[in-house]
Amino acid sequence: MARRITILLLAVLLIAALAILPFFLKAFYVRVGLSIFLSAGFAVCWWLLAGFTSYYSFGHTAFVGIGAFAAALALRAVPEAAPALQLAWALGAGLVVAGGIATIIAWPILRLRGHYFTIAMLAVALVLGEAVAAFPVFGGSTGLALPNLAPMSVRVEAFFYWIALALLAVVLAIAWAISRSRLGYGLAAIREDEDAAQMLGVPTTRFKVVAFVLSGALTGSIGAVYALNLGYITSDSVFRGSLSLEMIVNSLVGGMGSILGPVIGAAVMTGVTKLVLADLLEYHLAITGILIIAVVLLAPDGIVGLWRRRRAREAE
Amino acid sequence: MTALVQTLVNGLLYGGILSIAAVGFSLIFGVMSVINLTHGIFVIGGAYGALVAWSVLGIDPLLSIPPLMLVAFALGWGCQRLVIQPAVERGNPVAALLVTFGFTLIAVNLLTVTFSSSVRSISPSYSFINLRVGDISIDLVRLVAFACGLALIAILGSFLRFSRWGRVIRATALSELGARLCGVDARAVYALTFAVASAFAAASGVLIGMMLPFTPAEEVTWTVYAFIVVTLGGVGSLGGAMLGGLLLGLVSTLTQTYLGAVYTNMVMFLILLVTLLVRPNGILGSAFKASR
Amino acid sequence: MTTPLLDVTGLSRRFGALAAVDDVSFTAEAGRIVSLIGPNGAGKSTIFNLLTGYLPLSRGSVTFRGRRIDGMNTCRIAELGVARAFQIARPFRGLSVRDNVKVGALFGNRDKRGPGIVDEALALAGLTALAERPAAELTIGQLRKLELGRAFAARPHLLLADEPLAGLVPAESAEILASLKALAARGAGVLLVEHDMPAVMKVSDRVIVLEAGRLIADGRPEDVNRDPRVIEAYLGQEAP
């Protein structure tokens, strides 16, 4: 109990510290922070499904795209509302539409296991991306613009920095709550051995659907923020394979075995990309590739895994 | 009527290319159960190799196929041994997949730095010749590429069927444990499989380079097409890759002609999704082993 | 007469032309250990698969606590209080022993209440000392205990134990038998499939003998032991 309160206090302190950072940092660093929070948020959403159940989606950008376009289209309906209301409306639209579509595809797609689920999610993302590019409602190849909702008194990057931080905190809290709940234990059982879980009375189908829909809906709401921050979206910019891959890579680099894995992975990967490799832009892809191979071969449980192993060794 | 026949002919020719461009991917998935994301880069690498041979050395693309296959074979062998095998031995299927992704990023980067990201194409002297049969016109290049594709598939087929190593590959695909108990070195078989698959991917890349413009980033397209072909036709069988490729080629050109080019990819991806949901083992089913 | 815990009537399952289980009827009572014995291929495991809903029945009915459960899915049957321990242990390798047992406690039988279930099941299965160990590190004997512990935590009304003694040394076998008895003493029914005849004869209240999918004897261990058909079909082969 005491440990739980300590963790909670530390988390609150950390979030407060991160929240006041924009007052002291240059715009560039605030934007780096914003990128980290967004990719950490996406990675945690992906991890909600993959980390709990080992269903590795290769097409989570589908939910980013759905959230982004749902927000853009929803905002057209309320051009005159107060910015705060518009923001809530856009986030809600991303959450609900992504969650709704996730609910529709969950049952058929979750019957597939292993590689087949992975590829099927890739196909979902590809189909939706092409459909959005093909149909004029979504602006076709020219895309859609979103209004700037940041108040005049606040720097745009700081505004989105706070929103992304808040969303990340919410997503992490949800993941943490699940991990200690009956749902969390059931999902872990599914991850370890789906058939044995079912024999023990875990309602496997229902639990997988819940995890999938939750993961999709939350990805959609962060997708809405992602779109608002971009200000202008096309099918290519939000239905982007590299977005799906970043969620996977960040989670693996950080470590699949812990909720903090995806966050640490996103911080390291985004930090390395934006700060260390800023001058090596030409070789950015190659270095990312080397990093991925190195992590998989040398630190298969990610950074968190390395740290845990070290602590275990010290304890002995 | 003529338009339909013309579309069907184009579809079959394109489908033949899609078939040969997918056999390597299919082989690796069938034998090693690894989703090989490096596939597309070997295809595109083949196209760039032919470009160099043609523009620098003046070698006809078709003649550059055998040496390029050798190079790709060696590269594939090395890549498998150094990078992919250690990941396969981790026992986590996603580890292998990620490693192939990492390798692809490196290769795309190197290709982009070397050749820039601008669109390239190879146009040998015969590339603008049209054959006419009645009202149907056929690009000579496409016909030649189609024929070469079929020949390559036949070569690979007889290698797998009749050669000692081909039989070992098929046996390993059926049961790795069984093959190992019979004294087969599974690691050597995996390396060989990967090398052969890479060689055939590069060969298909040469043919593609003769027909279509390409950039380093195009590799994604060819990996995804290979996915679709293999999913349609079934994992690990050459017949499946043939069937899947031809079907996909027909669907692609029919959609393009009758619905519009913007819908082509959407329809192709939709077919991938529906096939997975309805018949996850493909139309012919898995020739080598049950899917997991 | 009170209704039995489990009432199986005319249970049949065909695989193509093979009748793996052919018109088998028996009952199991609360607080009793009933053993299913028979040579390999007699249909014992198929019966477990049918009772847990893992395989659909070809014919017959299964009534559990007055309720038809044939046709229900695996998970629903588990929620009604049927637990199964596999012969080849299927632990959740990535979780600790305690968390494995906790999954059993959180799911399965719906009408259990109260804290301490996990510790109780750990104690009953003799796992208390191993509670914080990762399941991946256990020995075969310990895994078997974990398999039972997970089932105990579900507080089952009926436990199906599939060869819980196979491959264990005598000391481990004795511990497992003791925990099965303790479970029965708390009022649960136990269906036991086991090849270790001395153990079966010692621990069972009733023994059901199957051969080639058919029930050939059902009675007290000492009676079954003397049944000439049983001796011919099964025990005769075991002790030449």
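Residues numbered from 1 in each chain as written. Chains lettered and ligands numbered in written order. Predicted model: local features only at pLDDT ≥ 70, side-chain atom pairs only at ≥ 80, totals over all residues. Heavy atoms only, no water.

A. Here's a closer look at the overall build of chain C. Each helix and strand in chain C was counted, giving nine helices and 10 strands. Against the 2.2 N^0.38 benchmark of 18 Å for 240 residues, chain C shows a C-alpha radius of gyration of 17 Å, consistent with a compact globule. Within chain C, the fraction of its 240 residues that count as buried is 56%. Long-range contacts, defined here as pairs at least 24 residues apart, represent 67% of the contacts in chain C between residues at least 6 apart. Summed over all atoms, the accessible surface of chain C reaches about 10200 Å², with 52% contributed by carbon and sulfur. Looking at chain C, you have 30 positive and 27 negative side-chain charges, and the mean spots of the two groups are 6 Å apart. (Helix = DSSP H or I, 4+ residues; strand = E, 2+ residues; numbered from the N terminus. Rg over C-alpha atoms; globule rule 2.2 N^0.38 Å. Buried < 20%, exposed > 50% of the residue type's maximum accessible area, 1.4 Å probe, protein only. Contact = heavy atoms within 4.5 Å. Areas by Shrake-Rupley, 256 points an atom, 1.4 Å probe, with all protein chains shown as cover. Lys, Arg positive; Asp, Glu negative; His and termini not counted. Charge placed at Lys NZ, Arg CZ, Asp CG, Glu CD.)

B. View of the overall build of chain B. Helix and strand content of chain B: 12 helices and two strands. Of the regular secondary structure in chain B, the N- to C-terminal order runs α-α-α-α-α-β-β-α-α-α-α-α-α-α. Taking 292 residues into account, the globule formula puts the C-alpha radius of gyration at 19 Å, and chain B, at 19 Å, falls close to it. Each of the three principal axes of chain B carries a C-alpha extent, and together these read 60 × 45 × 35 Å. Within chain B, the fraction of its 292 residues that count as buried is 55%. In chain B, the proportion of contacts linking residues at least 24 apart, taken out of those at least 6 apart, comes to 79%. Carbon together with sulfur atoms contributes 69% to the accessible area of chain B, which is approximately 11500 Å² in total.

C. Spatial organisation of a nonpolar patch on the surface. All names here are of chain A. Nonpolar side chains collect at one region of the surface, where Ile20, Leu21, Phe23, Phe24, Leu25, Phe28, Tyr29, Leu275 and Val276 lie side by side and expose about 890 Å² of accessible area between them. Looking at the element boundaries, Ile20 is found in helix 1 (residues 2-20). Accessibility expressed as a relative area gives 45% for Ile20, which makes it partly exposed. (Patch = residues over 30% accessible without salt bridge, like charges linked within 9 Å, V, L, I, M, F, W, Y side chains within 5 Å. Salt bridge = Lys/Arg side-chain N within 4 Å of Asp/Glu carboxyl O.)

D. Structural context of the side chain of Glu163 of chain C. Residue and element names in this part refer to chain C. Note that Glu163 resides in the loop between strand 7 (158-162) and helix 6 (170-185). One buried charged residue, Glu163, remains without a salt bridge, the closest side chain of opposite sign being Lys44 at 5.4 Å. The residues contacting Glu163, other than those within four sequence positions of it, are Gln87, Arg144, Val193, Glu194 and His195.

E. Just helix 2 (residues 27-53) of chain A, in detail. Residue and element names in this part refer to chain A. Between the first and last C-alpha of helix 2 there are 39 Å, a value that for 27 residues agrees with the 39 Å anticipated at 1.5 Å per step. Along its length, helix 2 reaches its greatest deviation from straightness, about 40°, at Trp47. Burial within helix 2 is extensive, with 22 of its 27 residues counted as buried. One or two residues past the end of helix 2 sits Ser54, with phi positive at roughly 65°. (Expected span 1.5 Å × (residues − 1). Bend = angle between axes of the 7 residues up to and from the residue.)

F. Just the packing of aromatic side chains, in detail. Going through the model one piece at a time under the given rule, you end up with 19 aromatic pairs over all chains. Judged by centre distance (5.2 Å) and plane angle (80°), the ring pair of Phe28 of chain A and Tyr29 of chain A falls under edge-to-face. Aromatic side chains Phe42 of chain A and Tyr226 of chain A sit 5.7 Å apart centroid to centroid with 70° between the ring planes, which places their arrangement in the edge-to-face category. Pair noted here: Phe42 of chain A is in helix 2 and Tyr226 of chain A is in helix 9 (residues 204-230), with a separation of 184 residues, a long-range link. Aromatic rings pair up to connect Tyr55, Phe63, Phe117 and Phe212 of chain A into one cluster. In this structure, Arg164 of chain B packs its charged tip against the face of Trp165 of chain B, placed 5.6 Å from the ring centre. Its end group placed over the ring of Phe92 of chain C, Arg150 of chain C keeps NZ or CZ at 4.5 Å from the ring centre. (Phe/Tyr/Trp six-rings, centres within 6.5 Å; stacked < 30°, edge-to-face > 60°. Lys NZ or Arg CZ within 6 Å of the ring centre and 35° of its normal.)

G. Local environment of the interface of chain C and chain A. Contacts between the two partners involve 21 residues from chain C and, on the opposite side, 18 residues from chain A. Carbon and sulfur atoms make up 68% of the area that chain C and chain A hide from each other, which totals about 1900 Å². Looking only at chain C, the three residues that lose the most surface to chain A are Arg90, Phe92 and Phe107 of chain C, adding up to 30% of its buried area. Along the contact surface separating chain C from chain A lie two salt bridges. Among the ionic pairs, Asp195 of chain A bridges to Arg90 of chain C, the shortest N-O distance being 3.8 Å. At the surface where chain C touches chain A, the tally comes to five residue pairs in polar contact (both at pLDDT 80 or more). For the side of chain C that touches chain A, the secondary-structure elements that each account for two or more residues are helix 2 (74-80) and helix 3 (97-106) of chain C. (Buried area = accessible area lost by both parts, 1.4 Å probe. Polar contact = N/O pair within 3.5 Å; in protein donor to acceptor, adjacent residues only side chain to side chain.)

H. Looking closely at the sheet that holds strand 5 (residues 67-68) of chain C. All names here are of chain C. Strand order across the open sheet formed by four strands is 2-1-4-5, with antiparallel pairing between neighbours. Strands with a single pairing partner mark the edges of an open sheet, and in this sheet they are strand 2 (18-28) and strand 5. The sheet contact formed by strand 4 (residues 59-64) and strand 5 spans two bridges and is antiparallel. Counterpart to Thr63 in the pairing with strand 5 is Arg68. Strand contacts of helix 1 (residues 44-51): strand 1 (6-15), strand 2 and strand 4, with the helix running at about 115° to strand 1, the strand carrying the most contacts. (Pairing = 2+ DSSP bridges. Axes fitted to C-alpha atoms, helices over the stretch in contact; angles between N-to-C directions.)

I. Representation of the confidence of the model for chain C within the structure. All names here are of chain C. Of all residues in chain C, 95% have pLDDT values of 70 or greater, and the mean over the chain is 86. Of all helices and strands in chain C, the one with the weakest mean pLDDT is helix 9 (residues 228-238) (66), whereas strand 8 (residues 189-193) scores best (93). Interface confidence in the predicted complex, given as ipTM, is 0.85; pTM for the same model is 0.86. (pLDDT = per-residue confidence, 0-100.)

J. Molecular detail of unusual backbone geometry. Positive phi outside glycine occurs at Ser33 of chain B, with the angle close to 55°. By secondary structure assignment, the location of Ser33 of chain B is in the loop between helix 2 (23-32) and helix 3 (39-55). We note that Ala212 of chain C has phi near 50°; this positive angle belongs to a residue other than glycine.

K. Just the interface of chain B and chain A, in detail. Taken together, the contact pairs 40 residues of chain B with 38 residues of chain A. If you look at where chain B meets chain A, you find zero salt bridges. Applying the counting criterion to the chain B and chain A interface returns four residue pairs in polar contact (both at pLDDT 80 or more). When contributions to the side of chain B that touches chain A are tallied by element, the ones reaching two or more residues are helix 4 (61-88), helix 5 (93-115), helix 10 (219-233) and helix 12 (264-278) of chain B. Element by element, the count of residues in the side of chain B that touches chain A is highest for helix 5 of chain B, at 14 residues. Residue classes in the side of chain B that touches chain A are distributed as 32 nonpolar, six polar and two charged. (Nonpolar A, V, L, I, M, F, W, Y, C, P; charged D, E, K, R; others polar.)

L. Inspection of the packing of helix 2 of chain A against helix 6 (residues 156-179) of chain A at higher detail. Residue and element names in this part refer to chain A. Where helix 2 meets helix 6, the closest approach of the two axes is 9 Å, and the angle between their N-to-C directions is 25°. Taken together, the axes of helix 2 and helix 6 are roughly parallel relative to one another. For helix 2 against helix 6, the interelement crossing comes out left-handed. (Parallel < 35°, antiparallel > 145°, perpendicular 65-115°, else oblique. Left-handed = near helix turned anticlockwise from the far one by under 90°.)

M. Structural context of the pattern of salt bridges. The final tally for this structure, using the stated rule, is 26 salt bridges over all chains. A salt bridge links Arg84 of chain C to Asp162 of chain C; the nearest nitrogen and oxygen atoms lie 3.8 Å apart. A residue pair is termed long-range when its members are at least 10 positions apart, and Arg84 of chain C in strand 6 (residues 82-85) and Asp162 of chain C in strand 7 qualify at 78 residues. The pair Arg84 of chain C / Asp162 of chain C is uniform in exposure class, with both members buried. The salt bridge partner of Arg220 of chain C is Glu222 of chain C, with a shortest N-O separation of 3.2 Å. Each of Arg113, Asp193, Glu194, Asp195 and Lys208 of chain A together with Arg90 of chain C takes part in salt bridges that share partners, so that together they form one network.

N. The sheet that holds strand 9 (residues 206-211) of chain C, seen in detail. Residue and element names in this part refer to chain C. The six strands are arranged 6-7-8-3-9-10 in an open sheet whose pairing can be described as mixed. Here the strands that pair on one side only, and so sit at the sheet edges, are strand 6 and strand 10 (214-219). Adjacent strand axes in the sheet meet at a mean angle of 20°, parallel and antiparallel pairs treated alike. With four bridges joining them, strand 3 (residues 33-37) and strand 9 adopt parallel strand pairing. Among the inter-strand pairings, Ser35 is bridged to a residue of strand 9, identified as Val207. Along the sheet face, helix 1 touches strand 3, strand 6, strand 7, strand 8 and strand 9 and points at about 145° away from the line of strand 7.

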